[in-house]
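# A structural walkthrough
Here are the chains, one letter per residue:
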Amino acid sequence: MKFLSLGMRRPFLSVIILLAIIFSKSAVYAQNPQWDAAQIKLNLEKLNVLGSVLYFAAHPDDENTRLIAWLAQEKKYRTGYLSLTRGDGGQNLIGTEQGIELGLIRTQELLAARQIDKGEQFFSSAYDFGFSKTPEETFAFWDKQRILREAVWIIRKFRPDVIITRFPPDARGGHGHHQASAILAREAFKAAADPEQFPEQLNDDIKPWQVKRLLWNTANFGGQNNTREDQLKVDIGAYNALLGTSYGEVAAHSRSSHKSQGFGSAAQRGSSIEYFEYVDGAPADTTLLDGIDTSWERIPNSQKVQSLISLINQNYQLNRPELTIPNLIQLYKALDQVNDDYWKKEKKNEVKKLILACGGIWFESIAKKPDYARGDQIKVDNSIIVRRTGVSVELIKLNDHDVHKNLAMNVLQKDSLTVTFDHTTQPYWLNEPHARGKFNVKDFDLTGYPENPDNPKVRFELSINGEHLAFDQDIQYKYTDPVRGEIYNPIAILPQLTAKSSSSLALTQYAKAAKVNLFFQKNGQSQPQHFKVTADELKGWEINPASFDLQFAPGSAHISKEITIKPLAPGTSSIDTLHFRIDQKDRLMEAKEINYAHIPEIVYFPDVAIKMSNINLINEVRKVAYIHGAGDLIPESLAAIGIKVDVLTSEQLLKSNLTDYDAVILGVRIFNVNQEIAQIQTKLLSYVHAGGTVLEQYNVSNGLISKNFGPYPFNIGRSRVTDELAPVSYNEKDPIFNFPNKITSADFKHWVQERGLYFAEDIDKRYRTPLAIQDAGEPLHKGSLLVTEYGKGKFVYTSLSFFRQLPAGIPGAYRLFVNLLSKSKSK
């Protein structure tokens, strides 16, 4: 991520080369992917299928991608996946993004997966607040009734014949979110059909919907086998000759889209049996849609439509798809006569796409720059071409601008127009500050959408063989990268004023003032030159100056201001967050970019927020080495308290003289991602033996490259404490709680999301385990902190979630972390 400079969002080549190495699949996102003749044939056959299935679970990557691919492409049902959350609370294997930013990445990874398996993607407003052990805790944060209302809305709009859950509604589901998703699916199954439930949703288009059946897709994984031979069994391992692949191969590509979770998957070929347990509705004996008519016979007055679809499929020629267009246009008109508005709309959209594909018709709308401000005049270059003979195409309008140009065959037609947009492209679920367990989406009609439905578009109005058809095309920015080729990204519409702070943390020590610079950027071509920015008033803090006028000179777009932050209570540790307002109304926002090669570029606008924390901290640590694992923000957090952090590569560390460092820190999950960890560990243990200090952070139990974590043996388990305020028991006499900072129970206040995760087990007795924690109703666990002397030095392994606490400015976490790094006696 970086601070946006208007019109300068093309990634540096060195970064792109690195990402191209990391990700084998290049992400080129054209808006009009061209179907080949086999894909056209598949979609022509789909015209005859009127079945729909909704898969229902909690997170990105919970879905069964093989089943979704089979349902969508073999059975040709309209297939959707409702992920209640965007996966915000998970871990990140490819970078440092957490929380909202990780949710943005995982949203795009899900959309990339759906591009491959051909499902559709939906979300509720539930926020993934981290691992939960019970559905009761989950619902306390999510607001169960609100998420149920949203699930009912999505069901009533999508109208699935069958709903399939990934998890059961009890402890077998594991994660509390998983169990909650199954509970909500059962309740939504009934509520969607009941006109007394959420009647405010009902109108001419949205009506109560009775799903035929609810099934649980059982599985055998995680050491738990929930499949039984008396359950409904379906073989989904088919090979599709038109695709040239099996659904196990499609699923591997789809699941491998979840790169932030490290879910690269190997293809599976051959028979593959899925198991389904009956939950509610009409039982099924042999197929998922037993007793459901998925043909046009389910729709009255559809005989003409049926005849046309049969004729189209019979006469389709692989090498002359354009010959199908006249009958497709007849079908498009005939669909207006069917007595079902839902399937009328769905099938007309399918026909429109087929007409484009059969005619080799392609178009795009390209802006000159990657980003603009609200109200800017945006020149958009529109191109369109028809590439099959005998297809008559007239470009009638672009938006409301008359064009009326007939397209010559295989000649690119270009026309420009100017557009403006009065709203930013902020993802709709981030328009308002969110609560811990849910996003605050004010416009309920947006519920379910994976992205903003109103992002900048151009409407192409065409006459194709005399039929008037309209298509909405996203406005994009494109450039040619010398490694990846032609790259498309959505354009961003920015606020008129954005800012970035020199640090997101203002850590004051013993109430001494901290200085933070604010860098303001005026965005746009002819926007206001004057703004007044005011800091929010916060009890216990002095902000100076508390407001300032920004007057941009003509031709200037940047101003910097320095503010001083000082706590008013010197003797206490305190924490708060500072926000700002523009002209006493709009929140001051930053323009942030997230850029990975496997997904489109993401630009969003978080509030400019400075986490203010007063820490009574004694710190004698001056210089440390840091080796990244999967990615975290520990180096930046330590720099905020004056520690010099050298971030080393594996090669640099192996060649370095480590005696210059007070300590060496290993990043989260390094034993899961660093192929050289065994060599690194050998050198680090020699460093410890000679008098150094090494601190290792948590690793996960799956996919370990080495299991030699420390000088003495222990294993990694799956235990965790999810209550961030869970009681902590510790040995008050242990040196790590006394030098250089005296640790008390107050130091465990204000922690965020969790205490720790993936605790150590089977711990050698030569380690001290001076801290024990537990969630309510569970036994104390001593595996979150291991300390031992080894030779002349100190080795620390900790599964406490410092990677969350330090960036959040938690005073006690800093005090304890510094103690762990300090060269005190450890016995």
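Residues numbered from 1 in each chain as written. Predicted model: local features only at pLDDT ≥ 70, side-chain atom pairs only at ≥ 80, totals over all residues. Heavy atoms only, no water.

A word on the pairing of strand β37 (residues 663–666). Residues of β37 alternate between two faces, with Ala 663 and Ile 665 on one and Val 664 and Leu 666 on the opposite face, all of them buried. One ladder, built from 4 bridges, connects strand β35 (residues 623–627) with β37; its direction is parallel. Paired with Tyr 626 across the strands is Ile 665, a residue of β37. Relative to strand β38 (residues 693–696), β37 runs parallel, the two sharing 3 bridges. Bridge assignment links Val 664 to a residue of β38, and that residue is Val 694. (Buried < 20%, exposed > 50% of the residue type's maximum accessible area, 1.4 Å probe, protein only. Helix = DSSP H or I, 4+ residues; strand = E, 2+ residues; numbered from the N terminus. Pairing = 2+ DSSP bridges.)

The next thing to look at is the pattern of salt bridges. Under the defined criterion, the tally for this structure stands at 43 salt bridges. A salt bridge links Lys 144 to Glu 187, with the nearest nitrogen and oxygen atoms 2.8 Å apart. Taken together, the residues span a long stretch of sequence, with Lys 144 in helix α6 (residues 144–158) and Glu 187 in helix α7 (residues 176–191) at a distance of 43 residues. A relative accessible area of 26% places Lys 144 in the partly exposed class. Each of Lys 41, Glu 45 and Lys 76 takes part in salt bridges that share partners, so that together they form one network. (Salt bridge = Lys/Arg side-chain N within 4 Å of Asp/Glu carboxyl O.)

Another aspect to go through is the packing of helix α3 (residues 65–74) against helix α4 (residues 100–117). Contact geometry of α3 with α4 gives a least axis separation of 9 Å together with a crossing angle of 45°. As the angle between them shows, α3 and α4 are arranged oblique. Judged by residue contacts, Thr 65, Ile 68, Ala 69, Ala 72 and Gln 73 of α3 engage Arg 114, Ile 116 and Asp 117 from α4. Within the contact of α3 with α4, the residues separate by chemical class into 4 nonpolar, 2 polar and 2 charged. (Axes fitted to C-alpha atoms, helices over the stretch in contact; angles between N-to-C directions. Parallel < 35°, antiparallel > 145°, perpendicular 65-115°, else oblique. Contact = heavy atoms within 4.5 Å. Nonpolar A, V, L, I, M, F, W, Y, C, P; charged D, E, K, R; others polar.)

Here strand β45 (residues 785–790) pairs with strand β46 (residues 793–798) via 6 bridges, running antiparallel. Residue pairing in the sheet places Leu 785 in a bridge with Thr 798 of β46. Where β45 folds back onto β46 in an antiparallel hairpin, the turn is made up of 2 residues, including Gly 791, whose phi is positive at roughly 65°.

The next thing to look at is the packing of α4 against helix α8 (residues 247–255). In a packed pair of helices, the relevant descriptors are the angle between the two axes and the axis-to-axis distance. Viewed as axis vectors pointing N to C, α4 and α8 meet at an angle of 160°, and their least axial separation amounts to 8 Å. Looking at the two axes, α4 sits roughly antiparallel to α8. Where α4 crosses over α8, the two elements pack in a sense that is right-handed. Where α4 approaches α8, its residues Ala 113, Arg 114, Ile 116 and Asp 117 are matched on the opposing element by Val 250, His 253 and Ser 254. (Left-handed = near helix turned anticlockwise from the far one by under 90°.)

So, on to α8. Burial within α8 is extensive, with 7 of its 9 residues counted as buried. Of all the positions in α8, only Tyr 247, Gly 248, Glu 249, Val 250, Ala 251, Ala 252 and Ser 254 are classed as buried. Those residues of α8 hidden inside the fold are in contact with α3, α4, β9 (239–240) and β10 (245–246).

This part takes up the sheet that holds strand β30 (residues 580–582). Strands sit in the order β27-β25-β30-β31 across an open sheet of 4 strands; the sheet is antiparallel. Looking along the sheet, the strands with just one partner apiece sit at the ends: β27 (547–551) and β31 (586–587). Two strands pair when backbone bridges link them, and strand β25 (residues 530–535) and β27 are joined in this way by 5 bridges, in the antiparallel orientation. Within β27, the residue paired with Val 533 across the bridge is Phe 548.

This brings us to the confidence of the model for the chain. Summing up the model confidence of the chain, the mean pLDDT is 93 and the portion of residues at 70 or higher is 95%. Confidence drops under pLDDT 50 across residues 1–8; counting only partners more than four residues distant or on other chains, this segment forms 35 contacts. (pLDDT = per-residue confidence, 0-100.)

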